[in-house]
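Descriptive structure summary
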Amino acid sequence: MSISRAAFPAISISPFRILGMCVTEARPSVLAIFFLRFAAGAALDAGLAPADPFRLVAGALVWQCAIFFVYLFNGVMDVREDRVNGSRRPIARGDLDPGLARVIAWAAAAAALLGALLLGGAMIWLVTAVLALGYLYSAPPFQLKKWSSATVVVGGLSGLLSYCAGYTSCGTGPTGQAVIALPAFAVAASLWMGLVGTPAKDLPDIAGDRSAGRVTFAVSRGEWPVRLLLSAVATSVALAFCAVAVLLRAPLGLAPAAMLTGASLLVVVTLTPLSRGSRVRRRLPYRAFMTTQYAVHLAVLLPLVSQFLLSGRAA
């Protein structure tokens, strides 16, 4: 029996181009923010002065492989709704074969598990947990992505696991008032990811989610209630973060102010006509959510990087 060339649509494409499309499908902005979560977990633990630099770098690579699997696998499983929603990622536009992307995703999962086993300790359970969450979120018969409540839980847990992975890869442990900083930051940032990120992501994707049978809050309640909920939750999480930072005197720099500023921007674009019309405009609340994540993490990391570099010069 002859095998049709069409069965291997990507065989003539450069492996580097295939890998690049897989990275694009896994969303570079998401991969970057998960790296920042890992880095924040490590930096708030040891101030960027790890006991074992090799373990820290290896841990970061292993964690990125795990997150790469989660989001590439999600892209493979979301083809139908992505096309309805007008996504321009490689699988939705037909440039990347879903079967090939699935193989690469599972290869990344295997690499992450192998790396975790070599690192040992808590990384084994953390990597296993985030891979399992990613699978349960996207794959039938579970498909937790169908429900907004499940998405909130998965999003928040994946954030917390990332900070824990950074913490366990550093291995020194904070002292003094810095003990408060990591749990306060990790909980606030994970709540931002789960509670704010879920409605922000669902808002522009109502048509595709409805066609795929998802029962998200946006599908069941409609657009305007989601906008009100998103604005209220973003404001509440940011104000709570600011209050905790002040009351506990947590050394978090400008991170609480960055979240409050981002929440204000998100409310403006969500409750005004700025985010209505084209898909680009409808995604503005999600972009405000993502931008705020970057700002909050950089507000914590950049001062620590500066401090580390200055201490190195002094030495």
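Residues numbered from 1 in each chain as written. Predicted model: local features only at pLDDT ≥ 70, side-chain atom pairs only at ≥ 80, totals over all residues. Heavy atoms only, no water.

With that out of the way, let us pick up the packing of aromatic side chains. Counted under the stated rule, the structure contains 11 aromatic pairs. Ring centres of F185 and F241 lie 6.3 Å apart, and the angle between their planes is 65 degrees; this geometry places the pair in the edge-to-face category. Of the two residues, F185 sits in helix α8 (residues 178-202) while F241 sits in helix α11 (residues 223-247), which places them 56 residues apart along the sequence. Ring pairing ties together the aromatic residues F69, F73, W106, Y135 and F142, which thus form one cluster. Over the ring of F34 we find R37, and its NZ or CZ is 4.4 Å from the ring centre. (Phe/Tyr/Trp six-rings, centres within 6.5 Å; stacked < 30°, edge-to-face > 60°. Helix = DSSP H or I, 4+ residues; strand = E, 2+ residues; numbered from the N terminus. Lys NZ or Arg CZ within 6 Å of the ring centre and 35° of its normal.)

With that settled, consider the UniProt feature "transmembrane region" (unreviewed entry) in the chain. According to UniProt, the feature "transmembrane region" (unreviewed entry) maps to residues 30-49, 56-73, 104-137, 149-169, 175-196, 228-248, 254-274 and 294-310 in the numbering used here. Along residues 56-73, the helical share is 100% and the strand share 0%, with 26 Å between the first and last C-alpha atoms. Between the first and last C-alpha atoms of residues 228-248 the distance is 30 Å; the span itself is 95% helix and 0% strand. (UniProt positions renumbered as here; feature names shortened; annotations may be inferred.)

With that settled, consider the nonpolar core. Counting 89 residues, the largest nonpolar core has W63, V127, F185, W192 and L252 as its most contacted members. With 15 residues, helix α3 (residues 53-77) is the largest single contributor of residues to this core. Residue contributions to this core reach at least three from each of two domains, namely domain 1 (16-173) and domain 2 (175-307). Once residues lying within four places of it in the same chain are set aside, the contact partners of L252 are A181, A184, F185, F241, A245 and V300. With five residues, the next largest nonpolar core counts L203, I206, A218 and V226 among its residues. (Core = buried A, V, L, I, M, F, W, Y, C linked by side-chain atoms within 4.5 Å. Buried < 20%, exposed > 50% of the residue type's maximum accessible area, 1.4 Å probe, protein only. Domains from an automatic or database assignment. Contact = heavy atoms within 4.5 Å.)

According to the stated counting rule, one finds one cavity of 30 Å³ or more in the structure shown. Considering only enclosed or pocket space, the largest cavity measures out at about 40 Å³ in volume. For the largest cavity, the full set of lining residues is Y137, K145, S148, T151, K201, D202, R214 and T216. Of all elements in the fold, only α7 (148-170) and α8 reach the threshold of two or more residues within the lining of the largest cavity. Counting residues domain by domain, the lining of the largest cavity receives three or more from each of domain 1 (16-173) and domain 2 (175-307). (1 Å grid on protein atoms, 1.4 Å probe; cavity = no way out; pocket = protein on both sides within 12 Å on 5 of 7 lines; lining within 4 Å. Points joined across faces, edges and corners; volume = space filled by probe spheres on them.)

Next up on the list: the layout of surface pockets. Taken as a whole, the largest pocket encloses approximately 1000 Å³ of empty space. Along the walls of the largest pocket sit 45 residues, with R27, V30, Y71, K201 and Y286 positioned nearest its centre. The set of elements that each furnish at least two residues to the lining of the largest pocket consists of α2 (28-46), α3, α4 (79-84), α6 (122-138), α7, α8, α13 (279-282) and α14 (284-314). No other element matches the seven residues that α14 contributes to the lining of the largest pocket. When its residues are assigned to classes, the lining of the largest pocket shows 17 nonpolar, 14 polar and 14 charged. Taken together, domain 1 (16-173) and domain 2 (175-307) each give at least three residues to the lining of the largest pocket, which thus spans both. (Nonpolar A, V, L, I, M, F, W, Y, C, P; charged D, E, K, R; others polar.)

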